[in-house]
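Analysis of the macromolecular model
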Amino acid sequence: MFLIFIIVVVGEAISLDWDSLSEKDIMDNWWDNKVKWGYIMEDGTPIKCFCGCSDLKYTVVDRINYDICEQDVHCIRCGKLVGHWGYGSWEPM
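Reading guide: rules and limits
Residues numbered from 1 in each chain as written. Predicted model: local features only at pLDDT ≥ 70, side-chain atom pairs only at ≥ 80, totals over all residues. Heavy atoms only, no water. Helix = DSSP H or I, 4+ residues; strand = E, 2+ residues; numbered from the N terminus. Buried < 20%, exposed > 50% of the residue type's maximum accessible area, 1.4 Å probe, protein only. Core = buried A, V, L, I, M, F, W, Y, C linked by side-chain atoms within 4.5 Å. Contact = heavy atoms within 4.5 Å. pLDDT = per-residue confidence, 0-100. Pairing = 2+ DSSP bridges. Axes fitted to C-alpha atoms, helices over the stretch in contact; angles between N-to-C directions.

Looking at the secondary structure, you find Q71 in strand β4 (residues 67-75). Given the relative accessible area of 15%, Q71 is considered buried.

Time to look at the nonpolar core. Within the largest apolar cluster, seven residues are counted, these being C49, C53, L56, V73, C75, V82 and W90. Ignoring any residue separated from it by four or fewer positions in sequence, one finds C75 in contact with C49, C51, C53, D55, L56, K80 and V82.

Let's shift gears to the confidence of the model for the protein. Across the protein, the average pLDDT comes to 81, with 76% of residues at or above 70. Throughout residues 1-13 the model reports pLDDT below 50, and contacts reaching past four residues in sequence, or to other chains, amount to 25 contacts.

Turning our eyes to something else, we now look at the sheet that holds strand β6 (residues 89-92). Across the sheet, which stays open at both edges, the four strands sit in the order β3-β4-β5-β6 with antiparallel pairing between neighbours. Each end of this open sheet is capped by a strand with a single partner; those strands are β3 (56-64) and β6. Averaged over all pairs of adjacent strands, the angle between their axes in this sheet comes to 20°, without regard to strand direction. Summarising the sheet, β4 and strand β5 (residues 81-86) pair through five bridges and their orientation is antiparallel. Considered in β5, the bridge of Q71 is made with W85.

What follows is the structure, given as structure tokens:
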């Protein structure tokens, strides 16, 4: 099966042949491209949403002894969840 997936971001088109990539390659490229295109910092901290909006709202989800242990980040414009921080690390969406 031959599949080409095209991602268009800020006028840049990237073509990926998913059959030739391992799952690790796909995930590594996914993270690196999100950093390259300015959606997240290298540690996973969200910078902007896929809709292009950089106005983000941080919401505390859980606390332990008054310390924040989990928080969500949503886009102000479209409301999409763009990141989740929990127990010391980011999980970009």
